[in-house]
Amino acid sequence: MTEPGWYAQPFRADGGITARGLLSQLGSPGLSPLTLLVREAAQNSWDARLPDQAVVRFRLDLATVGAGHGAAWRRLFSTGSSGNARPGAMFRPLSLAKSPRYLAISDRGTMGLAGPTRSDAGKTARREWARFVLNSGDRDGGTGSSSGGTFGYGKSALFRMSKVGCVLAHTRFRDDDGRVRSRFIGVAIRESFWDGETRYTGRHWWGLPESEHCEPLLDARADAAAHELGIPGFAGDETGTTLVVVDPDLTDPTLPDSDTTPELSVAEAGSYLADAAAWNLWPITLTDRDRRMSVAVTANGADVPVPDEGSDAALAFFAGAYREVVGGTGQVLSCGRPHKDLGHFAHAYTYGALVTSPAARELGVEGAPRHVCLLRGPELVVRYHPGPERSNPDAGYAAVFKVSGDLDETFARAEPPTHDAWEYQQLQGREATFVRTAGRRLKEQCDRLSGAQARRAVKVGTYALGSVAQRLGHLLAGPGGTGAAVLLSGAHPGTARTGGNTAGPGGPPAGATGPGVAAGGAAPVGGTGPGGGTGPGGGRSGVRRPSLVAGPRFEVIDGRPYVVQRVRIHGPDRVEGAVRVLTGDGVAEGTSPTGVTPPEVHGWRLPSDGSVVAGEVFYHAGDATEVDLIVTAVADALVDINVVGRA
């Protein structure tokens, strides 16, 4: 029986690609090795999903080799190579290390790496083994689905992640006869070198060396090798692949890269991987999808929670916008000349959903989101397109744009090897026009959502709105929507009477304030409006009108945004609050925009004890007092708040 060992690839007479050339195919990505690995590995796993599997199980296990498996690891990396001793010297530190580390990336519910084990084999339907283990940039034998990776150039991210440029592959698949087969091989990409008169490419394989290539270990022998190394195995007849990055580079991606940049601990790196998976993969992990990916992360055997829409408010907003897009209720963005629908767009306003994840910060998302998540066919995140900030640091917007299916290949060709941008400069003619126009349409939408197009002073009556709009006009989109009323804790429905005797429903009117106008659901600074207090139609003689005290303020109560206006009632009275949306020239809107809940008077709060009276009408029978009028918030609107006396 042939003993396993390393095989070093010599240059052929007709040339070949060097190891350095393979590693440079991703260019100079702006993403850290940790994030790049998550993106590329998940793309390949998603592309390899089986048609009859509802869930692709994707795992990232970061671990230190335990004492029970250390001897097997040392043997693997102390084995020499047939024909030269280079690999033995190359891996000497690992062969002496007592506790090497590894990162195992595994998928289940996928097809595994099938096909010939020689690159020069005849034409076959499946060639996953050749595309990952042997060739570079080879898309032949792909799945035929909308592809984000398919083991193209992105596999070099795995080797870049390894300090020694080494990845182990353990795979299981069904052959053409339906039998379950296993394979195991090691692949290393190092520097090219000379050994005597022979030059080598720097590419190495660990398995069963032959004269011109290296065969993998097969079936029971492959499973035994993986088990000996402590690599996660397969249950029953399940298929898939486990790729093991040997001695992973855990340099802290939050710090400037240098020779002295410290590494993350295994626990810290596990948390970073979990966050990177959440922010790069969330569209395909949503639990209400027909076909989805589940993601699990462990660090030295301990489970690391992966954020999702249930635990992260910002991701929940993006998920809501995504569902509108795929549900067909999003807005269609189009190109005019030539006319073409580019894709669907939807958004959600956010408040208080602040992003603090270092992995999200690497993608450009920090604080209040102000981004459009860009998607195409595979529905993995391409990038987060940034827009202008809203006026308040706690307010933002989360949007999704997905390319139309018939333009998916066009936008795919606009992506660099790392699949993290759409660059129209890579295209020509109409294709370049479509991608360039998409960028313009996204800018227009972001300007609209941020209020950048409408930040100008507007004057209605005697109240200048510019400064108020700048401060408050973009605050008022709450976590649950755009201002739908929710009863506050302890609120009592109906009207209430305060003080001693009450003024009944038949009491005379108390007059009214003038219109209070401001942007974003706030009343203006100021007191009562004009109008008489006595005489015909003027109300009771000697009774002062209710008045607004100081300016409005924004409050989040029970997790929802509200505008609170202090009102002074000067004596026994029955008052009613009213609110309406104004256009930019001060005219009341006749109807609310589709899908937008109009502002409402939620109720009245007594500052003395904090109790809340729900409804528009408030009775007061005592001396002069102050109460808070509570109004539901509406995003980016001019709102008129009135307090009037009622008979």
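Please refer to the structure higher up on the page.
None of the values given here were measured: they were computed from a predicted structure. (Residues numbered from 1 in each chain as written. Predicted model: local features only at pLDDT ≥ 70, side-chain atom pairs only at ≥ 80, totals over all residues. Heavy atoms only, no water.)

1. Observations regarding the environment of Pro599
At step 1: By the secondary structure assignment, Pro599 is in the loop between strand 23 (573-582) and strand 24 (601-605).
At step 2: You can call Pro599 buried: its relative accessible area is 8%.
At step 3: Along the backbone, Pro599 and Val634 are 35 residues apart, and their C-alpha atoms lie at a distance of 6.0 Å.
At step 4: Contact partners of Pro599, with chain neighbours within four places excluded, come to Val579, Val581, Val631, Thr632 and Val634. (Helix = DSSP H or I, 4+ residues; strand = E, 2+ residues; numbered from the N terminus. Buried < 20%, exposed > 50% of the residue type's maximum accessible area, 1.4 Å probe, protein only. Contact = heavy atoms within 4.5 Å.)

2. Remarks on the layout of surface pockets
At step 1: Approximately 460 Å³ is the volume found for the second largest pocket.
At step 2: Around the second largest pocket sit 21 residues that line it, and Gln9, Arg12, Ser119, Trp205 and Glu212 are the ones nearest its centre.
At step 3: Put simply, the parts of the chain that give the lining of the second largest pocket at least two residues each are strand 1 (5-10) and strand 7 (198-209).
At step 4: Residues belonging to the lining of the second largest pocket are distributed by class as follows: seven nonpolar, nine polar and five charged. (1 Å grid on protein atoms, 1.4 Å probe; cavity = no way out; pocket = protein on both sides within 12 Å on 5 of 7 lines; lining within 4 Å. Points joined across faces, edges and corners; volume = space filled by probe spheres on them. Nonpolar A, V, L, I, M, F, W, Y, C, P; charged D, E, K, R; others polar.)

3. Some words on unusual backbone geometry
At step 1: Cis geometry marks the peptide bond from Arg337 to Pro338; its omega dihedral reads -5°.
At step 2: One can find Pro338 in the loop between strand 13 (331-335) and strand 14 (340-351).
At step 3: A positive phi angle, near 50°, is found at Asp247, a position not held by glycine.
At step 4: Residues other than glycine seldom take positive phi values, yet Asn300 does so here, at roughly 50°.
At step 5: By secondary structure assignment, the location of Asn300 is in the loop between strand 11 (292-299) and strand 12 (302-304).

4. Some thoughts on the sheet that holds strand 15 (residues 370-375)
At step 1: A sheet is described by the order of its strands in space; here five strands give the open sequence 13-14-17-15-16, paired in mixed fashion. One side of each edge strand has no neighbouring strand; the edge strands of this open sheet are strand 13 and strand 16 (383-386). On average, each strand axis in the sheet is inclined to that of its neighbour by 30°, with strand direction left out of account.
At step 2: Here strand 14 runs beside strand 17 (residues 395-403); their pairing, made up of nine bridges, is antiparallel. Its bridge partner lying in strand 17, Gly343 is registered against Val403.
At step 3: Relative to strand 14, helix 13 (residues 429-450) is tilted by about 25°, and along the sheet it contacts strand 13, strand 14, strand 15, strand 16 and strand 17. (Pairing = 2+ DSSP bridges. Axes fitted to C-alpha atoms, helices over the stretch in contact; angles between N-to-C directions.)

5. A few points about the pattern of salt bridges
At step 1: A complete count under the given rule lists 29 salt bridges for this structure.
At step 2: Of the charged contacts in the structure, one is a salt bridge between Arg181 and Asp175, with a shortest N-O distance of 3.9 Å.
At step 3: Note that Glu415 and Arg376 form a salt bridge whose closest N and O atoms lie 2.6 Å from each other. With a gap of 39 residues between them, Glu415 in the loop between helix 12 (408-413) and helix 13 and Arg376 in the loop between strand 15 and strand 16 connect regions that are remote in the sequence.
At step 4: The class for Arg376 is buried, based on a relative accessible area of 4%. (Salt bridge = Lys/Arg side-chain N within 4 Å of Asp/Glu carboxyl O.)

6. So, the nonpolar core
At step 1: Membership of the largest hydrophobic core comes to 48 residues, with the highest contact counts inside it found for Leu60, Leu103, Ile105, Leu158 and Leu281.
At step 2: Ranked by residues supplied to this core, first place goes to helix 9 (residues 266-285) with nine residues.
At step 3: The contacts of Leu158, once residues within four sequence positions are left out, are Leu37, Ile105, Phe132, Val167, Leu243 and Val245.
At step 4: One finds Leu31, Ala157, Ala278 and Ala348 within the second-largest nonpolar core, a separate group that totals 28 residues. (Core = buried A, V, L, I, M, F, W, Y, C linked by side-chain atoms within 4.5 Å.)

7. Some words on helix 10 (residues 313-326)
At step 1: If you check helix 10, its first and last C-alpha atoms are 20 Å apart, about what 14 residues at 1.5 Å a residue would give, namely 20 Å.
At step 2: Residues of helix 10 that are buried: Ala314, Leu315, Phe317, Phe318, Ala319, Ala321, Tyr322 and Val325.
At step 3: One side-chain oxygen at the N-terminal end of helix 10 lies 3.0 Å from the backbone nitrogen of Ala314; it belongs to Asp312.
At step 4: Just past helix 10, the residue Gly328 takes up positive phi, approximately 85°. (Expected span 1.5 Å × (residues − 1). Polar contact = N/O pair within 3.5 Å; in protein donor to acceptor, adjacent residues only side chain to side chain.)

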